[in-house]
Amino acid sequence: MGDGINDAPGLHAADVGISVDSAVDVAKEAADIVLLDQGLDVLVKGIVAGRKTFTNTMKYIFIATSANFGNMFSMAGASLFLPFLPLLPKQILLTNLLTDFPEMTIATDRVDAIVISKPHKWDIKFIQRFMIVFGLISSLFDYLTFFVLLYLLHADEKVFQTGWFTESVISATLIVLVVRSRLPF
């Protein structure tokens, strides 16, 4: 952080060099961020906004990866024992469209204070574990739905496809509510 000529080398070498609008031109050019307002509270607001964005992005990644993994696992399994397509291609596309609407609200979702209090990093292993666990839980509900549709309701092709389509949309919408917070649901 600096505003004078002698600060320019340090601003240039820093990971994030910060200067102010009233600084000399050399310092402003060397800085990555030039503050237009007096005071450093704008940096705190920027850090909080960045942590909220990161957290909400992670929520979306959790939802998208687990839902897609679970649906493909269910689709592959159903294809092994059904003499027809488990879902029609247009139903798959419509499922993606209908579940995207609740997922889009995640971008502006509130974030728990505990998450904002400290920085977080990408944890690919955690994302992978979440995808597999919640994807398999989603598939478990899908296979339970298959059982009910086929053996209890004796559903034909159209009823099966409609039933699974409905269950897929409802379960994908419910996962949005579960992922919103790491606090107890």
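Structure: above.
Please read these numbers as outputs of a predicted model, since none were measured by experiment.

Caption draft 1: Examining the environment of Glu-157 more closely. Mapped onto the elements of the fold, Glu-157 is located in helix α7 (residues 157-179). What makes Glu-157 partly exposed here is its relative accessible area of 34%. For the pair Glu-157 and Leu-87, spaced 70 residues apart in the sequence, the C-alpha separation amounts to 9.2 Å.

Caption draft 2: Focus on the environment of Asp-109. Structurally, the position occupied by Asp-109 is in the loop between α4 (89-104) and α5 (113-116). In this structure, the C-alpha to C-alpha distance between Asp-109 and Lys-59, residues 50 residues apart in sequence, is 9.6 Å. What Asp-109 contacts, discounting residues up to four positions off in sequence, is Asn-56, Lys-59 and Arg-180. A polar atom in the side chain of Asp-109 sits 2.6 Å from the side chain of Arg-180.

Parameters and conventions
- Each chain has its residues counted from 1, running along the sequence as written.
- Predicted model: local features are reported for residues with pLDDT of at least 70 only, side-chain atom pairs are reported and counted for 80 or more only, and whole-chain, interface and lining totals are derived from all residues.
- With hydrogens and water excluded, all non-hydrogen atoms of the structure serve as input to the side-chain values.
- Numbering of helices and strands runs from the N terminus; a helix is a DSSP stretch of H or I covering at least four residues, while a strand is a stretch of E covering at least two.
- Note on exposure labels: buried denotes an accessible area under 20% of the residue type's maximum, exposed denotes more than 50%, and partly exposed covers the range between, all computed with a 1.4 Å probe on protein chains only.
- Residue contacts are counted whenever heavy atoms from the two residues lie within 4.5 Å of one another.
- Nitrogen and oxygen atoms within 3.5 Å of one another constitute a polar contact, given that in protein one can donate a hydrogen and the other can accept it, and given that sequence-neighbouring residues count only through two side-chain atoms.

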